[in-house]
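# Working through the structure, step by step
In case you want the letters, here they are:
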Protein chains: 2
Amino acid sequence: MAVKVYGPAYASPKRVIACLIEKGIDFETIPIDLLKGEHKAPDFLQLQPFGSLPVIQDGDYTLFESRAIMRYYAAKYKLQGTDLLGGSMEETGLVDQWLEVEAHNFNPHIYSLTIQIMFYPAVGTPTDEKAVAESEEKLGKVLDVYEQRLSESKYLAGDFFSLADLSHLPFTQYLVGPIGKEYMIRSRKHVSAWWDDISGRDSWKRVLELESKGWAGN
Amino acid sequence: MAVKVYGPAYASPKRVIACLIEKGIDFETIPIDLLKGEHKAPDFLQLQPFGSLPVIQDGDYTLFESRAIMRYYAAKYKLQGTDLLGGSMEETGLVDQWLEVEAHNFNPHIYSLTIQIMFYPAVGTPTDEKAVAESEEKLGKVLDVYEQRLSESKYLAGDFFSLADLSHLPFTQYLVGPIGKEYMIRSRKHVSAWWDDISGRDSWKRVLELESKGWAGN
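Keep in mind the model is a prediction, meaning the values are calculated, not measured.

Now for the domain arrangement of chain A. Residues and elements named next belong to chain A. Here chain A is partitioned into domain 1 (3-83 + 204-212) and domain 2 (89-201). In this structure, domain 1 and domain 2 have C-alpha centres spaced 20 Å apart. Across the boundary between the two partners, domain 1 contributes 19 residues, which contact 21 residues of domain 2. Across the contact surface, domain 1 and domain 2 share 5 salt bridges.

Structural data, given as structure tokens:
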């Protein structure tokens, strides 16, 4: 039975979809329109009481929070498709560590840029240029740490691609595209090579292809 | 060899210490004084490039981010001490889900109350009463979801104590103590019973005892 993924048009669910593709797990997508408030509808709140995306349904198992969903599939199907957790407990610890860094250090600032530069103009709210400048500066400092780390190992958790790298894909795609700040990646040699590597994976190219078709027929 | 835990006086490292006690793992604590800027010293930044607490050193293995450290020890010593990850992949998925909820839904608001009500007065910065009111309202909505969840299962991830519950201990201890908002717990029947249960565990009582002695001789 295919895994149902709610809200494929948004960044966090795309993390889950890229992970499912890496693991070779069948899925289907169910659109949720945040602008229409579909995430606050009673049926959706039954699945996700905070009204957030994504949610998956796998038979009668329901799970939310993108990084929890990715960890579940990466562990359950560890030997199928790409191993995304590292080869030892210590490597998995580092995957988890950098996944937490993505969530707590990287994501707040890139999320703020996404809201200010992509979302607000779409709904007629003025962009707060001071907030943009602050987020850009803070994100730059995080990317400076990444630059140092990626000069020591090919990927964030070590010399293996993992959930920690994958989790950066959707929002960094916004950064180099509609947010218009590709320079933040390109001005850092190791971050730039890492971005080319992870965004060039078949799984991510497939996500972008499905998105370009409006998620029809995946 | 005992696990070295940096910064025991602060909330996030206390999560790790409670976890190590539950697992029966020896540890020693190394004080870090944030007010003296010890987290920005070059030696500390070698361990944790973002200058955040906690960090652990276990032989030559270094790991940071409290929830990553807890997952590492809970998995590595799954059969020792209290099992904190659930008994199946699906239960572990729910532990991870509620641990993410703690990090993304619960923690930002209780952290804001901690900064406004505990930290700012200590350093002579005025408390922003509007920010307090907003955080209190948002935290209340999160606790309403917890109240519903805890009417269905004894603990957050199911009928078993897990990392998802444990991770709430340090900041909720502030909430019912120095923050002075115990009513937020006591006005919700199931949340109140859950708090009595998890805060009454030997591991947490030991953390509070060690704290009262200034972390000497643990």
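To continue, consider the side chain of A:Arg71. Tracing the backbone shows A:Arg71 in helix α3 (residues 66-76). Engagement of the side chain of A:Arg71 in a polar contact is seen with the side chain of A:Asp96, the distance being 2.6 Å.

A cluster of nonpolar side chains, contributed by A:Leu35, A:Phe119 and A:Val123, occupies part of the molecular surface with about 280 Å² of accessible area. Among the structural elements, A:Phe119 can be located in helix α4 (residues 89-123).

Looking now at the pairing of strand β1 (residues 3-6) of chain B. Residues and elements named next belong to chain B. When β1 meets strand β2 (residues 27-30), the two strands line up parallel, connected through 4 bridges. By the bridge assignment, Val5 is partnered in β2 with Thr29. Once the chain exits β1 it traverses helix α1 (residues 11-23) before rejoining the sheet at β2, and the crossover so formed is right-handed.

The transformation that overlays chain A on chain B combines an axial shift of 0.0 Å with a rotation of 180°, and the residual RMSD is 0.0 Å. Both copies of the chain, as the preceding transformation shows, are related through a two-fold rotation axis. The fraction of interface residues of chain A whose copies in chain B are also interface residues reaches 100%, indicating that both copies meet through the same surface.

Once that is clear, we can look at the UniProt feature "domain: GST N-terminal" (unreviewed entry) in chain A. Here the UniProt-annotated "domain: GST N-terminal" (unreviewed entry) positions come out as residues 1-81 of chain A. Secondary structure within residues 1-81 of chain A divides into 37% helix and 20% strand; the distance between the first and last C-alpha atoms comes to 18 Å.

Another point: the pattern of salt bridges. In this structure the tally under the stated criterion is 41 salt bridges over all chains. Here A:Glu137 ties to A:Lys141 by a salt bridge, and the two come within 3.5 Å at their closest N and O atoms. Placement of the pair is A:Glu137 and A:Lys141 together in helix α5 (residues 129-152), with a separation of 4 residues, close to one helical turn. For A:Lys141, a relative accessible area of 53% corresponds to the exposed category. In the salt-bridge network here, residues are joined through shared partners; they are A:Arg71, A:Asp96, A:Glu100, B:Arg71, B:Asp96 and B:Glu100.

Looking now at the interface of chain A and chain B. Facing 28 residues of chain A, the contacting portion of chain B comprises 28 residues. At the surface where chain A touches chain B, the tally comes to 6 salt bridges. Its salt-bridge partner being B:Glu90, residue A:Lys76 comes within 2.6 Å of it at the nearest N-O pair. There are 10 residue pairs in polar contact (both at pLDDT 80 or more) connecting chain A and chain B. Looking at the side of chain A that touches chain B, the elements that each hand over two or more residues are β4 (61-64), α3, α4 and α5 of chain A. No other element matches α4(A), which puts 12 residues into the side of chain A that touches chain B. Its residues placed into classes, the side of chain A that touches chain B shows 16 nonpolar, 5 polar and 7 charged.

Backbone geometry follows two general trends: most residues other than glycine have a negative phi, and most peptide bonds adopt the trans configuration. Residue and element names in this part refer to chain A. For the peptide bond that leads from Leu53 to Pro54, omega is -5°, which places it in the cis range. Note that Pro54 resides in the loop between α2 (42-47) and β3 (55-58). The phi angle at Glu65 is positive, at roughly 75°, despite the residue not being glycine. Within the element layout of this structure, Glu65 appears in the loop between β4 and α3.

All names here are of chain B. Spatially, the 4 strands line up as an open sheet ordered β2-β1-β3-β4, and their pairing is mixed. The open sheet has two edge strands, β2 and β4 (61-64), and neither has a second partner. Within the sheet, the average angular offset between the axes of one strand and its neighbour, ignoring direction, is 20°. The pairing of strand β3 (residues 55-58) with β4 spans 4 bridges and is antiparallel. The residue bridging Gln57 from the neighbouring strand is Thr62, located in β4. Sheet contacts for α1: β1, β2 and β3; angle to β1, the most-contacted strand, approximately 155°.

Reading guide: rules and limits
- Sequence order sets the numbering: in each chain, residues are counted from 1 along the sequence as written.
- Each chain gets a letter, beginning with A, and each ligand a number, beginning with 1, in the order they are written.
- Under the rules for a predicted model, residues below a pLDDT of 70 receive no local features and side-chain atom pairs below 80 are neither given nor counted, while totals for whole chains, interfaces and linings still include all residues.
- Calculation of side-chain values draws on the structure's entire complement of heavy atoms; hydrogens and water are dropped beforehand.
- Boundary definitions for the domains trace back to an automatic or database domain assignment.
- In this description, contact between two residues means that some pair of their heavy atoms is separated by no more than 4.5 Å.
- The salt bridge criterion pairs a side-chain nitrogen of Lys or Arg with a carboxyl oxygen of Asp or Glu, the two atoms within 4 Å.
- In DSSP terms, a helix is any run of H or I states spanning at least four residues, a strand is any run of E spanning at least two, and both are numbered starting from the N terminus.
- We call two N or O atoms a polar contact when they sit within 3.5 Å, provided that within protein one can donate a hydrogen and the other can accept it, with sequence-adjacent residues counted only if both atoms are side-chain atoms.
- Residues with no salt bridge and a relative accessible area higher than 30% make up the patches, which join like charges within 9 Å and nonpolar side chains (Val, Leu, Ile, Met, Phe, Trp, Tyr) within 5 Å.
- Using the Shrake-Rupley algorithm and a 1.4 Å probe, accessible areas are obtained, with residue cover drawn only from the displayed protein chains.
- Two strands are counted as paired when DSSP detects at least two bridges linking them.
- A right-handed crossover is one whose linking path, passing over the helix from the first strand to the second, runs clockwise when the strands point away from the viewer.
- The fit set for superposing copies consists of C-alpha atoms from residues with pLDDT of at least 70 in both; the fit itself is least squares.
- UniProt positions are given in the numbering used here, feature names are shortened, and annotations may be inferred rather than shown by experiment.
- Accessible area is worked out with a 1.4 Å probe on protein chains only. A residue is then buried under 20% of its type maximum, exposed over 50%, and partly exposed in between.
- Side-chain classes follow a simple rule in which Ala, Val, Leu, Ile, Met, Phe, Trp, Tyr, Cys and Pro form the nonpolar group, Asp, Glu, Lys and Arg form the charged group, and the remainder, Gly included, forms the polar group.
- To get an axis, fit a line to the C-alpha atoms, keeping to the stretch in contact for a helix; angles then go from 0 to 180 degrees between the N-to-C directions.

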